[in-house]
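# Per-entry structural report
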Amino acid sequence: LSFTTTLPSSKKFDDPHITLDGTPRAKVTLQSLKTLWINTGTQCNLSCENCYIESNPKNDRLSYFSPDDLHSLLTEIQTQQLPTEEIAFTGGEPFLNPHIIKLLELCLTQGFKVLVLTNAYRVIERHKSSLLLLQQKYPNQLLIRVSLDHYTLAVHEKERGDGTFLSTLETMKWFSDHHFQLAVAGRSLTQESKEVENAGYRELFSLHQINVDINSPKHFTIFPEMDEKKPVPEITEKCFSLLKLDPHSLMCASSRMVVKRKGESTIKVLACTLLAYDPQFELGTSLKNAKQTVFLNHPHCAKFCVLGGATCSQ
Ligand code: SF4
C-alpha cells in the first residue's frame, strides 16, 4: 500500500503545470516549425552587462555547432517535410564559430532563408571575402541582424564596453555598402518613447549612410529589457484573453532552438532562444520531439514574451 501526496507549491515557478495559487499555467503548442534557431556556441568577443544567455569570451557551456550537427537537422526537415522556411543563427557571437561560413552555406544551398545575429564588432573582418561570395550567390536569402543597443555611443557602450559603438557602425556601413540585407536590434535601455528612439536611429543611419528600413519590423526591432531583479507574476491561461494576446504569436509557437552542450555528443532541441540552460525547456535530441507543448514556467516567459510592459494581475 502506498500513498501519493501532492504537496502544494511553496514558491512561484515551482510546479510546471500549476501556478502558486493553484491556477492552470499558460501553455503554448507548436503550430508549425517556421524558424529553426541554431545556437552556434556561447562564446562571445564581448561581455555585455545584461546578456540573457550570459555569453562572454570564457562561456563555453554551449559548444561550437558543427556542420555535421546541422546536416542531420536539415535532413530531418526534409524527410519529415517540416514547413521550416528560415534557419536563424544566434550565439554567443556566431561569427566566432570557425564553421560559420560552412553552416550558412549549407542552409543557403538548400534554399532556406538565413538570419544571422551579430554584434558586428571586429569579428566580421576575417569573413569579409567569404561573406561577399555568399551575398553574390544568394542575394535575397541572407539577412544580417546587428545588435546596436542604442543610437548613442554612451548608452550602447555602457552595455557593450568602450570602443564598441563606432567599430560596429563601421561594419554596418560595410554591409550596407555591399548591399547585404541589414537589420538592427536595439534595446529599450532608457525611458524614451518609441518615437524618440526611432528618430534617433533614423538620424544616425542617415548620417552614416547605412541602409536600414526603420519602418519594417523585420529590419528594425527594439527589444524590451529583462530586469532580473523585478518580481514577475506567473502566467495563467486566462492572461492571454485578459491581455488580448494570441499565444500563437509567441516564439515557442513557431520556433525551436538547437544547441550542443559542452561535453555532450548529441544536440538538444529547446523551446526557444531565451531559455538555454533550464532543463524544463529541453524537448529531446531531434526535431521529432519539437512538437511538445511548452508550459510557460519561467520568469522570462512573463517578462519578455507575455507581458512586455503590460500587466496581468487578475
Ligand atoms: S520565454 Fe517562454 S513564452 Fe517566451 S518563447 Fe520561450 S518558452 Fe515561449
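Read on for a plain summary of the structure. (Residues numbered from 1 in each chain as written. Predicted model: local features only at pLDDT ≥ 70, side-chain atom pairs only at ≥ 80, totals over all residues. Heavy atoms only, no water.)

## Some points on the sheet that holds strand 7 (residues 220–223)
Strand pairing in a sheet relies on backbone hydrogen bonds. The paired strands run either parallel or antiparallel. Strands sit in the order 7-6-5-4-3-2-8-9 across an open sheet of eight strands; the sheet is mixed. Lying at the two open borders of the sheet, with one neighbouring strand each, are strand 7 and strand 9 (268–270). Adjacent strand axes in the sheet meet at a mean angle of 25 degrees, parallel and antiparallel pairs treated alike. Pairing geometry for strand 3 (residues 86–90) and strand 4 (residues 113–118), over four bridges, is parallel. Each bridged residue has a counterpart across the sheet, and for Glu 86 the counterpart in strand 4 is Lys 113. In this fold helix 6 (residues 194–208) packs onto strand 6 (181–187) and strand 7, with an angle of close to 140 degrees to the strand it touches most, strand 6. (Pairing = 2+ DSSP bridges. Helix = DSSP H or I, 4+ residues; strand = E, 2+ residues; numbered from the N terminus. Axes fitted to C-alpha atoms, helices over the stretch in contact; angles between N-to-C directions. Contact = heavy atoms within 4.5 Å.)

## A few points about the packing of aromatic side chains
On inspection of all chains with the given rule, the structure shows seven aromatic pairs. Consider the rings of Phe 175 and Phe 180, whose centres lie 5.0 Å apart with planes at 80 degrees: the pair is edge-to-face. By relative accessible area, Phe 180 is classed as buried at 6%. Look at Tyr 201 and Phe 220: their rings are 5.1 Å apart centre to centre, the planes differ by 70 degrees, and that puts the pair in the edge-to-face class. Of this pair, Tyr 201 sits in helix 6 while Phe 220 sits in strand 7, and the two are 19 residues apart along the sequence. With a relative accessible area of 1%, Tyr 201 lands in the buried category. Assessed through its relative accessible area of 6%, Phe 220 is described here as buried. Put simply, the rings of Tyr 151, Tyr 201, Phe 205 and Phe 220 pair up and form one aromatic cluster. (Phe/Tyr/Trp six-rings, centres within 6.5 Å; stacked < 30°, edge-to-face > 60°. Buried < 20%, exposed > 50% of the residue type's maximum accessible area, 1.4 Å probe, protein only.)

## What about the nonpolar core?
The biggest cluster of nonpolar side chains holds 56 residues, and the ones touching the most others in it are Phe 89, Leu 104, Met 172 and Phe 205. Take this core: its biggest share by element is seven residues, from helix 2 (residues 100–109). In contact with Leu 104, other than residues within four places in its own chain, are Phe 89, Phe 95, Val 114, Val 116, Leu 131 and Leu 134. Formed by 23 residues, the second largest nonpolar core is a distinct cluster that contains Leu 250, Leu 274, Leu 275 and Leu 307. (Core = buried A, V, L, I, M, F, W, Y, C linked by side-chain atoms within 4.5 Å.)

## Observations concerning the site of the ligand
Around the ligand, a shell composed of Leu 250, Met 251, Cys 252, Cys 272, Leu 274, Leu 275, Phe 281, Val 294, Leu 296, Cys 301 and Cys 305 is seen. Residue composition of the shell around the ligand, by class: eleven nonpolar, no polar and no charged. (Near = heavy atom within 4 Å. Nonpolar A, V, L, I, M, F, W, Y, C, P; charged D, E, K, R; others polar.)

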